[in-house]
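# Structural features, examined
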Amino acid sequence: MNADNMEAAWQVIVDGNLDNTDADYKGTYAASTCYNSEEGFSLADTMRNERDWVVVFNIPRIEAAVKAGKFTTLGDSKVPVLDGRHGSELTMYIPVPKSPHGLNTSPDGKYFVANGKLSPTVSVISTSLLDDWFAGKLKDERDVIVAEPELGLGPLHTAYDGRGNA
């Protein structure tokens, strides 16, 4: 979103249904939880996979691609549309336990925290390790997850107190 005119600056096509989004505090990454990676239509179909994912958007790469003209537009819209589906250099897909819901950034900006609606776990993603993954230093997307504590079924969001405790 362009803050000066409140118009969409660009859009990215992704795989799956995205839910909640947050961003780091440096303007480098935004991340969204994705549920129903199965693309199912019945309740049973939408919960079939043991893992869905968090999609991470590399904002500098997206903006560079727009500047370089590596986008399309749809219909009569002038908004640049980029392809961020699996395999794109603009995004990464981090497998997390099924049906993640909330995604919150820790107060220090070091972590994205993805909460599982149908999993008793919370996936803690290091934003500094995202740099390593996009630089090709990590091979497995799950290498950016630094913790996955069990909190009980259905934590939807992570709230923080004034001292940074979750």
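Just so it is clear, the model here is predicted, and its values are computed rather than measured. (Residues numbered from 1 in each chain as written. Predicted model: local features only at pLDDT ≥ 70, side-chain atom pairs only at ≥ 80, totals over all residues. Heavy atoms only, no water.)

## Quick notes on the nonpolar core
The biggest cluster of nonpolar side chains holds 17 residues, and the ones touching the most others in it are V54, V56, M92, I94, I125, L130 and V144. Looking at this core, the elements that each hand over two or more residues are β3 (29-35), β4 (51-58), β6 (91-97), β8 (111-116) and α3 (127-134). If we skip the residues at most four places from it in the chain, M92 touches V54, V55, V56, L130, W133, F134, E141 and V144. A30, W53, I62 and L90 belong to the second largest nonpolar core, which has 14 residues in total. (Core = buried A, V, L, I, M, F, W, Y, C linked by side-chain atoms within 4.5 Å. Buried < 20%, exposed > 50% of the residue type's maximum accessible area, 1.4 Å probe, protein only. Helix = DSSP H or I, 4+ residues; strand = E, 2+ residues; numbered from the N terminus. Contact = heavy atoms within 4.5 Å.)

## Here's the deal with the sheet that holds strand β7 (residues 100-105)
Pairing is antiparallel across the open sheet formed by 4 strands, whose spatial order is β7-β8-β9-β10. What marks the edges here is a single partner per strand, and that holds for β7 and β10 (145-147). Mean inter-strand twist for the sheet, computed between neighbouring axes without regard to direction, equals 30°. Across 4 bridges, the pairing between β7 and β8 is antiparallel. In the sheet register, L103 faces β8, and the bridge partner there is A114. (Pairing = 2+ DSSP bridges. Axes fitted to C-alpha atoms, helices over the stretch in contact; angles between N-to-C directions.)

## Here's the deal with α3
Taken residue by residue, α3 has T127, L130, W133 and F134 as its buried positions. Buried residues along α3 cover an arc of 90° about the axis, so they all sit on one side. Contact partners of the buried residues in α3: β3, β4, α2 (59-67), β6, β8 and β9 (122-126). Directly after α3, the chain includes G136, whose backbone phi takes a positive value near 80°. (Arc of directions from axis to C-beta.)

## Section: the pairing of β9
The side chains of a regular strand alternate, residue by residue, between the two faces of the sheet. Of all 5 residues in β9, 5 are buried; the element is thus mostly enclosed. Here β9 shows two buried faces, one formed by V122, V124 and S126 and the other by S123 and I125. Strand direction decides the pairing type here: β8 and β9, joined by 5 bridges, are antiparallel. Within β9, the residue paired with F112 across the bridge is I125. Summarising the sheet, β9 and β10 pair through 2 bridges and their orientation is antiparallel. Each residue of the ladder has a partner; that of I125, found in β10, is I145.

## Quick notes on the pairing of β7
Within β7, 6 of the 6 residues are buried, leaving the element largely enclosed by the surrounding structure. Between β7 and β8, which follow one another and run antiparallel, lie 5 residues, and G109 among them has a positive phi close to 75°.

## Observations concerning the packing of aromatic side chains
Inspection of every chain in the model, using the stated rule, returns 3 aromatic pairs. Each ring, one from Y29 and one from F134, has its centre 5.7 Å from the other, and the planes form 15°; the classification is stacked. Taken together, the residues span a long stretch of sequence, with Y29 in strand β3 and F134 in helix α3 at a distance of 105 residues. Here Y29 falls in the buried class, since its relative accessible area comes to 2%. Residue F134 is classed as buried on the basis of its relative accessible area, which comes to 9%. With 5.2 Å between their ring centres and 90° between their planes, W133 and F134 make a pair best called edge-to-face. The buried category is assigned to W133, whose relative accessible area is 17%. Taken together, the aromatic side chains of Y29, W133 and F134 make up a single cluster linked through ring pairs. (Phe/Tyr/Trp six-rings, centres within 6.5 Å; stacked < 30°, edge-to-face > 60°.)

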